[in-house]
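Results of the structural survey
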Amino acid sequence: MAMASSSNKKKPKKNQTPESQFNYNLNFYSKSKDLHSAISLYDTAISQDTRLNQHSFNTLLYLCSVSLIDPSKKELALQCGFRIFDHMVSNGIKPNEASITAVARLAAAKGDGDYAFDLVKNVGAYNELPRLRTYDPALFCFCEKLEADKAYEVEEHMGSMGVGLEEGEIAALLKVSVESRNEKRVYGYLQKLRKMVRCVGGETAKVIENWFAVFEGSGVELDVDLMREAVSRNGGGWHGLGWIGKGKWVLKRGSVDVGGKCCCCGEQLVSVDIDDDETERFAASVAGLAMEREVKANFSEFQNWLEEHADYEAIVDGANIGLYQQNFAEGGFSISQLDAVVKDLYNQSGKKWPLIIMHNKRIRALLQNPSTRELIQEWIEKDVLYTTPQGSNDDWYWLYAAVKLRCLLVTNDEMRDHIFELLGSDFFIKWKERHQVRYTFVKGKLELQMPPLFSVVIQESENGSWHVPVAGNGNDSPQSWLCVSRPRACDALEEDSCMEGSKDSNDICCNSKLLSFGRPESLTSCKNKLQSQASFQESDNKITALTCKRKERSPSPSYLHVPRDQRHQ
């Protein structure tokens, strides 16, 4: 039997069985990627009727698959890999997902994508579930051979098994769609990139550039109202209605300034939110989980109250702010910190009060304190305060309110504990980026850290142009943007007065540190946005807001939760 010889190799234990000695030497060859010695070891073991287990076969198959990148080993890897797999199956050893993946890689290296795909489709016969890596050999093989329909079939099968695509897979599908001039597929994969990837890699960017450099297909005429309705429904940053306009595209590589203005075409990028359907599912999920863990009647009462008081533009996590940096001997609940946040939001939002959510027990204590009673009573009278009932968890209430009303949430809570893990939503991070406002107090001075003015994601604008963020090559490499537009693409928007005063609009966006309340700015017409910004721009630190007349309100449960004898003490 061929034995490993190395000064660094530990001596095997005495009285080993042939099987254990085989596995010992095989693991050594696997670590050193010594395919020739491993195959020699395998052949000797077979000749001596050494019994091999699943782990042994998988190690051999893995070693064959990773040796494919070495031209001097590729032929041996292909020749022996399939023989080892056939031996494995004939001996009644059940392949697992790792076995199937290794053999699929061998098949793809031979250019046999059909065999690789058949392996994946039949993996269920072994009671195994495929993973992304299991599909990759067949998918990439079909894409490289420009067998587009087969590649699409692999993607469809992945979807049926709940396996999601990542950038590499989407880029491969995009490339084969570009090569086959499949306009519909290209558009679809650009949208998938937008949804799944933030900054695309350099190779993906080249595929996108290659498409727009040659594609001149005619899209639908720009319908301004239709586009904006779709953008609004989708949360801003894309409409998903297909190609817009006709003629050649203009491609440029450039940057986007701190306010979100493209330095190539002057277009204003937006802050992208989750779409309407995602928002409704998110709110329903929060409510469902809350009512499983809270007193159902209490949370239902809150939901009903919120329906009647739906014009808040900011929700405030009162306990989080009041207890901020209070872990010292004389620390307690800082009502002054909470008051500072409330007043700042009020002044910056066009004189609209935010909604503070706090526990009833804490409010009772504050009402009993003569120094804080007056302020609490003022908040109650102005519907600034909602108190959650005894035994409740404030988190469910302020999260639901912020999601349901689609407004900002002021809290430093990272939202990582168990109640947020229960949500398990892939769009939760995206929602937090758009809606969470963090804060600091530096030497007693409040600083609100608003969400970014624009999202660093692929954006499809109302006029049909595209902006694609491209990641740098390293940590020190700056991010760039691929700007793709058609000449005179904004004519229809200009006729609709949307470009009117664009310079002033961009100046406002770049100078302001704060973000508009409510839905993303792109959801309203540019003209209305300019009027709104001009109305409320009192300083560089003011929030631009879409305001409306405050509704007459019914008595708030927050008032009813306060003991009657304490309401006006």
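Residues numbered from 1 in each chain as written. Predicted model: local features only at pLDDT ≥ 70, side-chain atom pairs only at ≥ 80, totals over all residues. Heavy atoms only, no water.

Labelled according to an unreviewed UniProt entry, the protein chain appears under the name ribonuclease P, originating from Populus alba x Populus x berolinensis. The UniProt entry for the protein chain carries the following text under Cofactor (unreviewed entry): "Mg(2+)". (UniProt positions renumbered as here; feature names shortened; annotations may be inferred.)

1. Observations regarding the environment of Leu345
Mapped onto the elements of the fold, Leu345 is located in helix α16 (residues 335-348). Between the C-alpha atoms of Leu345 and Val410, which are 65 residues apart in sequence, the distance is 9.6 Å. (Helix = DSSP H or I, 4+ residues; strand = E, 2+ residues; numbered from the N terminus.)

2. A word on the state of the cysteines
Where two cysteines share a covalent bond between their sulfur atoms, that bond is called a disulfide. Applying the stated criterion across every chain, the model contains zero disulfides. Among the cysteines around Cys141, which has no disulfide bond, Cys143 carries the closest sulfur, lying 9.3 Å off. Judged by its relative accessible area of 4%, Cys141 is buried. (Disulfide = S-S within 2.5 Å. Buried < 20%, exposed > 50% of the residue type's maximum accessible area, 1.4 Å probe, protein only.)

3. Notes on the sheet that holds strand β9 (residues 466-470)
Sheet strands pair via backbone hydrogen bonds, and the direction of the pair is either parallel or antiparallel. Across the sheet, which stays open at both edges, the four strands sit in the order β1-β10-β9-β8 with antiparallel pairing between neighbours. The open sheet has two free edges, formed respectively by β1 (250-254) and β8 (459-460), since each of these has just one partner strand. Sheet analysis places β9 next to strand β10 (residues 480-485), joined by five bridges and oriented antiparallel. Each bridged residue has a counterpart across the sheet, and for Pro469 the counterpart in β10 is Trp481. Along the sheet, helix α11 (residues 202-214) makes contact with β1, β9 and β10, crossing β1 at roughly 155 degrees. (Pairing = 2+ DSSP bridges. Contact = heavy atoms within 4.5 Å. Axes fitted to C-alpha atoms, helices over the stretch in contact; angles between N-to-C directions.)

4. Brief notes about the sheet that holds strand β7 (residues 445-449)
An order of β4-β3-β2-β5-β6-β7 is seen for the six strands of this open sheet, with the pairing classed as mixed. Taken across any chain shown, the strands that pair with only one partner, and hence form the sheet edges, are β4 (385-388) and β7. Neighbour-to-neighbour, the strand axes of this sheet turn through a mean angle of 25 degrees, independent of strand direction. Inspection of the sheet shows strand β2 (residues 314-317) paired to strand β5 (residues 408-410) by three bridges, in the parallel sense. Paired with Ala314 across the two strands is Leu408, which belongs to β5.

5. Examining the environment of Met358
With respect to the helices and strands, Met358 occurs in strand β3 (residues 355-359). Sequence separation of Met358 and Tyr397 is 39 residues, and the distance between their C-alpha atoms is 9.1 Å.

6. Regarding the pattern of salt bridges
According to the stated counting rule, one finds 22 salt bridges in the structure shown. Between Glu414 and Arg416 there is a salt bridge, with its nearest N and O atoms 4.0 Å apart. Arg416 sits in the exposed class, given a relative accessible area of 62%. The shortest N-O distance in the salt bridge between Glu414 and Arg438 comes to 3.3 Å. Here the residue Glu414 occupies a position in the loop between β5 and α20 (418-421), and Arg438 occupies one in strand β6 (residues 436-442), the gap between them amounting to 24 residues. Given a relative accessible area of 31%, Glu414 falls into the partly exposed group. Several salt bridges share partner residues, and in doing so they unite Asp276, Glu280, Lys404 and Arg406 into one network. (Salt bridge = Lys/Arg side-chain N within 4 Å of Asp/Glu carboxyl O.)

7. Some words on the pairing of β6
Along any regular strand the residues' side chains alternate between the sheet's two faces. Counting buried positions along β6 yields five of seven residues, so the element is predominantly enclosed. For β5 and β6, the ladder comprises two bridges, and the chain directions are parallel. Considered in β6, the bridge of Leu409 is made with Gln436. Across five bridges, β6 lies against β7 in antiparallel orientation. Of the residues in β7, the one forming a bridge with Val442 is Lys445.

8. Examining the packing of helix α2 (residues 35-47) against helix α4 (residues 71-90)
Two packed helices can be described by the angle between their axes and the distance between those axes. The N-to-C vectors of α2 and α4 enclose an angle of 30 degrees; their axes lie 11 Å apart at closest approach. With respect to α4, the element α2 is oriented roughly parallel. Judged by the sense of rotation from one axis to the other, the crossing of α2 with α4 is left-handed. Contacts from Leu35, His36, Ile39, Tyr42, Asp43 and Ile46 in α2 reach Lys73, Leu76, Ala77, Cys80, Arg83, Ile84 and His87 in α4. (Parallel < 35°, antiparallel > 145°, perpendicular 65-115°, else oblique. Left-handed = near helix turned anticlockwise from the far one by under 90°.)

9. Examining the side chain of His467
Topologically, His467 is positioned in strand β9. Among the residues examined, His467 registers a relative accessible area of 1% and is labelled buried. Beyond its immediate chain neighbours, meaning those up to four positions away, His467 contacts Cys262, Cys265, Glu267, Leu269, Val457, Ile458, Gln459, Trp481, Leu482 and Cys483.

10. Structural notes on unusual backbone geometry
Excluding glycine, residues mostly have negative phi values, and the peptide bonds linking residues are mostly trans. Even without glycine at this site, Asp383 takes up a positive phi of about 60 degrees. Locating Asp383 in the fold gives a position in the loop between α18 (370-381) and β4. In the Ramachandran plot, Arg406 falls in the positive-phi region, its phi being about 55 degrees despite a non-glycine side chain. We classify Arg406 as buried; its relative accessible area is 18%.

11. Comments concerning α16
Compared with the 20 Å implied by 1.5 Å per residue over 14 residues, the 20 Å span of α16 between its first and last C-alpha is a close match. Inspection of α16 places Ile335, Gln337, Leu338, Asp339, Val341, Val342, Leu345 and Gln348 among the buried residues, and these make up the whole buried set. Phi turns positive, to about 80 degrees, at Gly350, one or two residues after α16. (Expected span 1.5 Å × (residues − 1).)

12. Describing the nonpolar core
Ile84, Leu174, Phe212, Trp243 and Trp466 are the most contacted members of the largest nonpolar core, which has 74 residues in total. With seven residues, α4 is the largest single contributor of residues to this core. Not counting chain neighbours up to four residues away, the residues in contact with Phe212 comprise Leu190, Trp243, Trp249, Leu251, Trp466 and Val484. Core analysis: the second largest hydrophobic core is formed by 34 residues, Leu355, Ile357, Ala402 and Cys407 among them. (Core = buried A, V, L, I, M, F, W, Y, C linked by side-chain atoms within 4.5 Å.)

13. Concerning the pairing of β9
Burial runs high along β9: five of the five residues are buried. Sheet topology note: the β8/β9 ladder contains two bridges and is antiparallel. Within β9, the position partnered with Gln459 by the bridge is His467. Counting the residues between successive antiparallel strands, the hairpin from β8 to β9 contains five residues, one of them, Gly464, with a positive phi of roughly 95 degrees.

14. Things to note about the environment of Arg434
With respect to the helices and strands, the residue Arg434 is situated in helix α21 (residues 428-435). Each C-alpha atom, one on Arg434 and one on Pro452, is 7.3 Å from the other, the two residues being 18 residues apart in sequence.

15. Description of the side chain of Ser99
Inspection of the secondary structure puts Ser99 in helix α5 (residues 97-109). Within the local environment of Ser99, its side chain forms a polar contact with the side chain of Asn58, the two groups lying 2.4 Å apart. (Polar contact = N/O pair within 3.5 Å; in protein donor to acceptor, adjacent residues only side chain to side chain.)

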